[in-house]
Amino acid sequence: MNSGILRQMRPTFVYALLGVVFMFVAPNVLQLFTIINLTTAIALAVLALSLALIWGYGGILCFGQVAFFGLGAYVYTISAINFGGSTWAILMSVLVTSAFAAALGYFIFYGRVSDVYLGVITLTVTLIFFSLIRRTSGPEYKIGNALLGGFNGVSSPPINLPWNTSSFLFPEQVFYVAISALILCYVFVGWLVNTKFGRVCVAIRENELRAELLGYDIRAYKLGIFTIGAGIAAIGGVLFCNGVGRITPDVFNLYNAALTIIWVIVGGRGTLIGPVGATFALFYLTSALGGQTVLNNNLVLGVILIIFVLLVPKGVAPTIIDRVNARRRKVPTRARRRRSSRAEGTQ
Amino acid sequence: MTRQRGDVVVETRDLCMHFGGVRAVDQVDFTLFDRELRCLIGPNGAGKSTFFKCLTGQLVPTSGEVLIRGQEMTGAEPFQVASLGVGIKTQVPNVFDGLSAEENIWLSARRWHGDARARVLTAETIERLKLGDIRRTLVGRLAHGQRQWVELGMVVASEPWLVLLDEPAAGMTHEETYRTAELIEEINKTSALIVVEHDMQFIRMISRTVTLFHEGRILMQDTMEAISADKRAREVYLGNRA
């Protein structure tokens, strides 16, 4: 089986390797400003990866994936300020966010809430966070030593070396951490979707009743993938507040919630590289558009979304994969058939 | 008759399923013995499929009890029924359209076995059901009869001791129907079966004992010959077809 999984994961390793090459080349070629910017894009790519997992493979349309992303960032920041170091803060961030997702998911999946309401509930939770944290500007809103700061947010302590609170990482080093985290998360998710757990989740996406009639407890599987997705989103959140240097309630706003969905739609559900690539593409498109004043930024993004939904409904990556497979099938099938018939002839 | 030989594997006591004022299943006492092959027939709306759904956990009965191997399963989730080792095929083919036929069957085998055994079992099932040509085809692209066979493959691959089939021959060609009957005979060597069916010819091919439903109740239970000869049965069901 292990060899089977490795074969299935071959494309994952190829993209991961490209990521490693990029990690070593980029800081030598690009300017520091670009690298810092890139760290933010990478954090968002981790967020996109988490939604690609739970929506693209688990079939759970979570409209509030940014809730876990933002929660992860806030828990990291508050813990890091209180602990005076980042090591435990990162662990706290992932654990608290996963636990929160598990509790929320328990009521959703064990209550058999339908897909549409799942989207509504997750979006509502996101917007509740948004309104709640915006109102925490007074000095009375503090957790330990950390002031929540209302809509100005909190400035996030940078990551330090494990258990060495005096050696903070420089922005360029944070870039290495971020891209390593993205690559590791990417390989992890690529592995997960090829395990029994992942394959059952895909089966549940395809047909819930059939999966149940085979004897799988779909509620447990959905809760599992939802919780793992939230944990990955939290890692994205930790990277994000490190890239930007602070975390504000704006992370929870409707625009960001929708943007996450757009990355996955444009990149393509059912693939991992698609949403990750789409995040980088749209991030830099938004930056480029920010430099001009002719067109409204959101208008362009909206048009892109409409174009993709109408013309490339499956998203970029699946469309390309289908094209390549179709071409590959057209020519060599005949050759393969000839070869197999020849093999039969010699027997 | 052979049926007294085995133990009771499925039993319903006073089972009722009401939808508002409609008594789809009304006070049904039903018993199935081990290794038995039982067909449920009846005109449209007789309550066979509703009864079937109460057995599989797709519907929670209004009152009464469902016991499977003596275990109280009334209102259980479908996965709990399946987890007892029950293979279920629904009326509308329920398959994983976006996955290959092989993956469909693997998912069934893997529920019960480790990875190595599951792969062997998948290969055996594909061989047994002659699905080799469509192994790698997405099930969504297959013809209706082939999808039915993939679903039967999933049932077989789980090596069930009790099999519940809702209209397994629906929409199949004559030859496919014949092969399905053969497969059911083969499954019956190791497990008990309940088959809900409309196709009378198909029932004649496989039947031992037939339970005739009418207006939510069991009207009679006998061999197909006896039912065909019975006047009441002809009135409610067979008469409609003649």
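Note that the coordinates shown come from a computational prediction; the quantities given were computed from them, not determined experimentally.

A.B. asks: Got a minute to help me understand the overall build of chain B in this structure?
C.D. replies: When you go through chain B residue by residue, the secondary structure sums to nine helices and 10 strands. For 242 residues, the compact-globule formula gives about 18 Å, and the C-alpha radius of gyration of chain B, at 18 Å, lands near that figure. Taken along its principal axes, the extent of the C-alpha atoms in chain B is 50 × 40 × 40 Å. Scored against the burial criterion, the 242 residues of chain B give a buried share of 46%. Long-range contacts, defined here as pairs at least 24 residues apart, represent 64% of the contacts in chain B between residues at least 6 apart.

A.B. asks: Can you help me understand the overall build of chain A in this one?
C.D. replies: From N to C terminus, chain A includes 15 helices and six strands. Relative to the 2.2 N^0.38 estimate, which gives 20 Å for 347 residues, the radius of gyration of chain A is 22 Å and therefore close to what a compact globule would have. Along the longest, intermediate and shortest principal axes, the C-alpha atoms of chain A span 85 × 50 × 50 Å. A buried classification covers 44% of the 347 residues belonging to chain A.

A.B. asks: I would appreciate a short explanation of the interface of chain A and chain B in the present structure.
C.D. replies: Often, the extent of an interface is quoted as the loss of accessible area on bringing the components together. Each partner contributes residues to the interface: chain A has 15 residues there, and chain B has 19 residues. Contributing elements (two or more residues each) for the side of chain A that touches chain B: helix H8 (196–206) and helix H9 (208–213) of chain A. No other element matches H8(A), which puts five residues into the side of chain A that touches chain B. Grouping the amino acids of the side of chain A that touches chain B by side-chain chemistry returns seven nonpolar, two polar and six charged.

A.B. asks: Just to check I follow, could you spell out the domain arrangement of chain B for this structure?
C.D. replies: All names here are of chain B. Partitioning chain B into structural domains gives domain 1 (1–75 + 162–173 + 191–242) and domain 2 (86–159). For domain 1 versus domain 2, the distance between C-alpha centres works out to 26 Å. Taken residue by residue, the interface counts 14 residues in domain 1 and 11 residues in domain 2. The set of elements that each furnish at least two residues to the side of domain 1 that touches domain 2 consists of helix H1 (48–56) and strand S7 (162–166). If you tally residues by element for the side of domain 1 that touches domain 2, the top one is S7, at five residues. Per-class residue counts for the side of domain 1 that touches domain 2 are eight nonpolar, four polar and two charged.

A.B. asks: What exactly am I supposed to notice about the sheet that holds strand S9 (residues 209–214) of chain B here?
C.D. replies: Within a beta sheet, neighbouring strands are joined by backbone hydrogen bonds and run either parallel or antiparallel to one another. Residue and element names in this part refer to chain B. The strand order across the open sheet built from six strands is S6-S7-S8-S3-S9-S10, with neighbouring strands paired in mixed fashion. One side of each edge strand has no neighbouring strand; the edge strands of this open sheet are strand S6 (86–89) and strand S10 (217–222). The sheet shows a mean angle of 15° between the axes of neighbouring strands, taken without regard to direction. Pairing of S7 with strand S8 (residues 192–196), which is carried by five bridges, proceeds in the parallel orientation. Looking across to S8, one finds that Leu 164 is bridged to Ile 194. Against the sheet, H1 contacts strand S3 (37–41), S6, S7, S8 and S9, and its axis sits at roughly 145° relative to S7.

A.B. asks: What am I meant to see in helix H5 (residues 144–157) of chain B here?
C.D. replies: Note: α-helices contain 3.6 residues per turn, so residues at a spacing of three or four share the same orientation. All names here are of chain B. Between its terminal C-alpha atoms H5 stretches 20 Å, which fits the 20 Å expected from 14 residues at 1.5 Å a residue. H5 sits mainly inside the fold: 12 of its 14 residues count as buried. Those residues of H5 that sit buried are Gln 146, Arg 147, Gln 148, Trp 149, Val 150, Glu 151, Leu 152, Gly 153, Met 154, Val 155, Val 156 and Ala 157. Against S6, helix H3 (101–110), helix H4 (115–128), S7 and helix H6 (174–188) lie the buried residues of H5. Glu 159 occupies a position one or two residues after H5 and carries a positive phi of about 45°.

A.B. asks: What should I look at first to understand the confidence of the model for chain A in this one?
C.D. replies: Note: predicted coordinates in regions of low pLDDT should not be interpreted at a detailed level. When pLDDT is averaged along chain A, the result is 89; 94% of the residues meet or exceed 70. Ignoring residues within four places in sequence, the model shows residues 334–347 of chain A, a span with pLDDT below 50, making zero contacts including any to other chains.

A.B. asks: Explain the sheet that holds strand S1 (residues 8–19) of chain B here, please?
C.D. replies: Residues and elements named next belong to chain B. Taking strand neighbours across the sheet as the criterion, the four strands line up as S2-S1-S4-S5 in an open arrangement whose pairing is antiparallel. Of all strands in the sheet, those with a lone pairing partner are strand S2 (22–33) and strand S5 (71–72), marking the two edges. Where S1 lies against S2, eight bridges are found, and the strand directions are antiparallel. Looking across to S2, one finds that Thr 12 is bridged to Phe 30.

A.B. asks: Before we go on, may I ask you to explain the nonpolar core in this structure?
C.D. replies: Soluble globular proteins tend to pack their nonpolar side chains together in the buried interior. The biggest cluster of nonpolar side chains holds 165 residues, and the ones touching the most others in it are Ile42(A), Ala45(A), Val46(A), Ala48(A), Leu49(A), Ala73(A) and Leu164(B). Excluding residues that lie within four positions of it along the chain, Leu49(A) makes contacts with Cys185(A), Tyr186(A), Val189(A), Ile232(A), Leu272(A), Pro275(A) and Val276(A).

A.B. asks: Any chance you could explain the environment of Ser156(A) here in plain terms?
C.D. replies: All names here are of chain A. Considering the arrangement of structural elements, one finds Ser 156 in the loop between strand S3 (154–155) and strand S4 (160–161). Here Ser 156 falls in the buried class, since 24 other C-beta atoms lie within 10 Å of it. Note: C-alpha distance between Ser 156 and Asn 242 (86 residues apart in sequence) is 6.5 Å. Non-local contacts of Ser 156, meaning those with residues more than four positions away in its chain, are made with Tyr 76, Thr 77, Ala 80, Cys 241, Asn 242, Gly 245, Arg 246 and Ile 247.

A.B. asks: Would you mind going over H8(A) with me for this structure?
C.D. replies: Of all 11 residues making up H8(A), eight are buried, and the element is well covered by its neighbours. Its buried side turned inward, H8(A) meets helix H3 (32–57), helix H7 (171–192), H9 and helix H10 (218–244) of chain A together with H3 of chain B.

A.B. asks: Hey, could you run me through unusual backbone geometry in this one?
C.D. replies: Leave glycine aside and you will find that most residues have negative phi; peptide bonds, for their part, are mostly trans. Even without being glycine, Arg112(A) reaches a positive phi, approximately 55°. Residue class for Arg112(A) comes out exposed when judged on the 10 C-beta atoms lying within 10 Å of it. The phi torsion at Glu159(B) lies on the positive side, around 45°, for a residue other than glycine. Its place among the elements puts Glu159(B) in the loop between H5 and S7.

A.B. asks: Help me out: how do you make sense of the packing of helix H12 (residues 273–290) of chain A against helix H14 (residues 316–330) of chain A in this one?
C.D. replies: Angle between the axes and distance between the axes are the two parameters that describe a pair of packed helices. All names here are of chain A. Direction vectors running N to C along H12 and H14 enclose 125°, while the axes themselves pass 8 Å from each other. It follows that H12 is oblique to H14 by the angle criterion. The residues of H14 that touch H12, namely those facing Ile 273, Gly 274 and Ala 278, are Val 316, Ala 317 and Pro 318. Grouping the constituent residues of the contact of H12 with H14 by class yields five nonpolar, one polar and no charged.

A.B. asks: Looking at this structure, how should I read the packing of helix H4 (residues 65–83) of chain A against H10(A)?
C.D. replies: All names here are of chain A. The N-to-C vectors of H4 and H10 enclose an angle of 55°; their axes lie 7 Å apart at closest approach. Here H4 is positioned oblique relative to H10, judged by the angle of their axes. Here the hand of the crossing between H4 and H10 comes out right-handed. Packed against H4, whose contacting residues are Gln 65, Phe 68, Phe 69, Gly 70, Leu 71, Gly 72, Ala 73, Tyr 76 and Thr 77, the element H10 presents Ala 230, Ala 233, Ala 234, Ile 235, Gly 236, Gly 237, Val 238, Phe 240 and Cys 241 at the interface. Residues that form the contact of H4 with H10 fall into these classes: 12 nonpolar, six polar and no charged.

Cut-off values and rules
- Residues numbered from 1 in each chain as written.
- Chains lettered and ligands numbered in written order.
- Predicted model: local features only at pLDDT ≥ 70, side-chain atom pairs only at ≥ 80, totals over all residues.
- Helix = DSSP H or I, 4+ residues; strand = E, 2+ residues; numbered from the N terminus.
- Rg over C-alpha atoms; globule rule 2.2 N^0.38 Å.
- Buried ≥ 20, exposed ≤ 12 C-beta atoms within 10 Å, placed from the backbone.
- Contact = placed C-beta atoms within 7 Å.
- Nonpolar A, V, L, I, M, F, W, Y, C, P; charged D, E, K, R; others polar.
- Domains from an automatic or database assignment.
- Pairing = 2+ DSSP bridges.
- Axes fitted to C-alpha atoms, helices over the stretch in contact; angles between N-to-C directions.
- Expected span 1.5 Å × (residues − 1).
- pLDDT = per-residue confidence, 0-100.
- Core = buried A, V, L, I, M, F, W, Y, C linked by C-beta atoms within 7 Å.
- Parallel < 35°, antiparallel > 145°, perpendicular 65-115°, else oblique.
- Left-handed = near helix turned anticlockwise from the far one by under 90°.

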